[in-house]
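Working through the structure, step by step
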Amino acid sequence: MKVPFGTISITQKSKDLINEILESGRVSSGKYVREFEERFAALIGTKEAVAVNTGTAADTLALSVLYDFGAKRNDEIIVPALSFVATGNAVLEAGFKPVFVDIERETLNINPDKIEDSITEKTRAILVVHLVGKPADMDAVNQIAKKYNLYVIEDAAEAYGAIYKEKKVGTLGNLATFSTYLAHIVSTIEGGVVTTNREDFAEVLRSLRVHGTACKCKVCTLRIGGGYCPKRFQYGEDIRFIFERIGYSTKMNELEAAVGLGNLDIYDEILEKRRKNWLSLNEKFEKFKPYLTTIKEGKDEKIGPHAFPIIIQEGVPFNRNQLVDFLEKNEIETRSLFSSMPTQCKGFSFLGYKLGDFPNAECIGNYGLHIGIHQDLNEEHINYFISKLKEFLSLYIK
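Residues numbered from 1 in each chain as written. Predicted model: local features only at pLDDT ≥ 70, side-chain atom pairs only at ≥ 80, totals over all residues. Heavy atoms only, no water.

**Quick look at the packing of helix α10 (residues 320-329) against helix α13 (residues 379-396)**
The description of two helices packed together rests on the angle between their axes and the distance between the axes. The condition is simple: Structural elements are reduced to axes, namely lines fitted to C-alpha atoms, with helices fitted over the stretch in contact, and the angle between N-to-C directions of any two is expressed from 0 to 180 degrees. For helices the rule is a DSSP run of H or I covering at least 4 residues; for strands it is a run of E covering at least 2, with both sets numbered from the N terminus onward. Each angle gets one of four labels, with under 35 degrees taken as roughly parallel, over 145 as roughly antiparallel, 65 to 115 as roughly perpendicular, and the rest as oblique. By definition, turning the near helix anticlockwise from the far helix through less than a right angle yields a left-handed crossing, and turning it clockwise yields a right-handed one. A contact between two residues is defined here by any heavy atoms of the two lying within 4.5 Å. Polar here means any residue outside two lists: the nonpolar Ala, Val, Leu, Ile, Met, Phe, Trp, Tyr, Cys and Pro, and the charged Asp, Glu, Lys and Arg; Gly therefore counts as polar.
Look at α10 against α13: their axes get within 10 Å of each other, and the N-to-C directions meet at 135°. One way to sum up the angle between α10 and α13 is to call them oblique. Here the hand of the crossing between α10 and α13 comes out right-handed. From α10, Q322, L323, F326 and L327 reach across to α13, where they touch F385, K388, L389, E391, F392, L395 and Y396. Taken together, the residues that form the contact of α10 with α13 break down as eight nonpolar, one polar and two charged.

Pasting the structure below:
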């Protein structure tokens, strides 16, 4: 039996829209991207959503907004040491310096108790990651941010459906970022979204995704239908070619939005299936203590069912490579549970961190993996995985 890590749902509505878009010839960002943004904002519960071409770009643009509100190049951003490398890359792409903070092994998220020691006069924001859908301790993070007058950006790429104290993840900071990559609960094949309740942030985001242009209306008549725009020459020349800030080229296109609109139609169904798989697997996984552990759901939260993390405990008579090799040979796809970016990812070595600086992140980098719980899997797949895990452990645990 095959247990793939990820999947994508492409509905008939999406296929019909794609054909319509191709026939129209208007394939760049237009009315369907606008519709996707409006529906995405409604789903998350924010006033604004700005769609871009990747989740990494969503992080980069959310950070770049801060230049319009007092930040300077090479200012510092607090980042958890453990995350997919895109989180750290985005900080550097935006022109900031990442300042890494260790995580809690039990939650996989940033340790709030360690944040204040890393804050300096140059700190401008805390970029919080809700890793594999587990909500970070946002009360503690927001309290620190308020004390030091910092912005809070949620990286909610893997946290669709996550709830923290009765509030949706993605509404708990100044901005939030989501990935719509093909393995995620909402997919546009490739893509990302930035959400916020601040209209001024959203206006800057719309400028940033098109090279920093002055043309940043929420609904652009020129781009959607080629209609008349009364603002076009208000500055004496075409507003589309006036550039107010350093920007990027990160627009989502109409074909991607069409896939996303179909996903939004079946969002509740996808979420329910994934949640059911997560709950079942979490319950059955208990028997593998003390050799293997996973994250737990707190009483005031709901974990977003992105994937299922597995942490091999130190001192067991097997290693991660042996487990991964066994699972892959039995057609169960796995992914490592990321790395300590500053000490286990070579590209960050210029920042001067050394191995041992982030023991918890490094531990997960050495002993963590995760498997899929997506909507194309069912109880049979889960039982197969559990049986294979039991079989593997019997080879080493006598």
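From this point, the narrative continues.
**What about the environment of R206?**
Which entries qualify depends on this criterion: Any N or O atom pair separated by 3.5 Å or less is treated as a polar contact, with the protein-specific requirement of one donor-capable and one acceptor-capable atom, and with residues adjacent in sequence counted only for side-chain atom pairs.
In this fold, R206 is placed in helix α6 (residues 199-208). Considered as a pair, R206 and G247 are 41 residues apart in the sequence and their alpha carbons are 9.8 Å apart. A polar contact of 3.5 Å, which involves the side chain of R206, links it to the side chain of E48.

**Overview of unusual backbone geometry**
Definition in use: The buried label applies to any residue whose accessible area, calculated with a 1.4 Å probe on protein chains only, is under 20% of its type's maximum; exposed applies above 50%, and partly exposed to all values in between.
Between K289 and P290 the backbone carries a cis peptide bond, its omega angle lying at 0°. In this structure, P290 sits in the loop between α9 (267-285) and β11 (292-293). Positioned with a positive phi, K165 is a non-glycine residue whose angle comes to about 50°. Structurally, K165 is set in the loop between β7 (163-164) and β8 (167-168). Residue class for K165 comes out partly exposed when judged on its relative accessible area of 40%. Positive phi is not limited to glycine here, since E331 has a value of about 65°.

**Some thoughts on a nonpolar patch on the surface**
Where we set the bar: Each patch is built from salt-bridge-free residues with over 30% relative accessible area, joining like charges within 9 Å and nonpolar side chains (Val, Leu, Ile, Met, Phe, Trp, Tyr) within 5 Å. Each accessible area is a Shrake-Rupley result for a 1.4 Å probe, and residues are judged covered by the shown protein chains and nothing else. Only one rule defines a salt bridge in this text: a Lys or Arg side-chain nitrogen within 4 Å of an Asp or Glu carboxyl oxygen.
Together, Y181, L182 and I189 line one region of the surface with nonpolar side chains, adding up to about 230 Å² of accessible area. Mapped onto the elements of the fold, Y181 is located in the loop between β9 (175-179) and β10 (192-196). By relative accessible area, which is 37% here, Y181 ends up partly exposed.

**Some words on the sheet that holds β8**
As a reminder, the rule being used: In this description, strands pair whenever DSSP reports at least two bridges between them.
If you walk across this open sheet you meet the three strands as β8-β7-β12, and the pairing is antiparallel. The two strands at the open ends of the sheet, each matched to only one other strand, are β8 and β12 (301-302). Pairing between β7 and β8: two bridges, direction antiparallel. If you follow I163 over to β8, its bridge partner there is K168.

**Section: the side chain of S340**
With respect to the helices, strands and loops of the structure, S340 is situated in strand β15 (residues 339-340). Only 2.7 Å separates the side chain of S340 from the side chain of T343, close enough to count as a polar contact.

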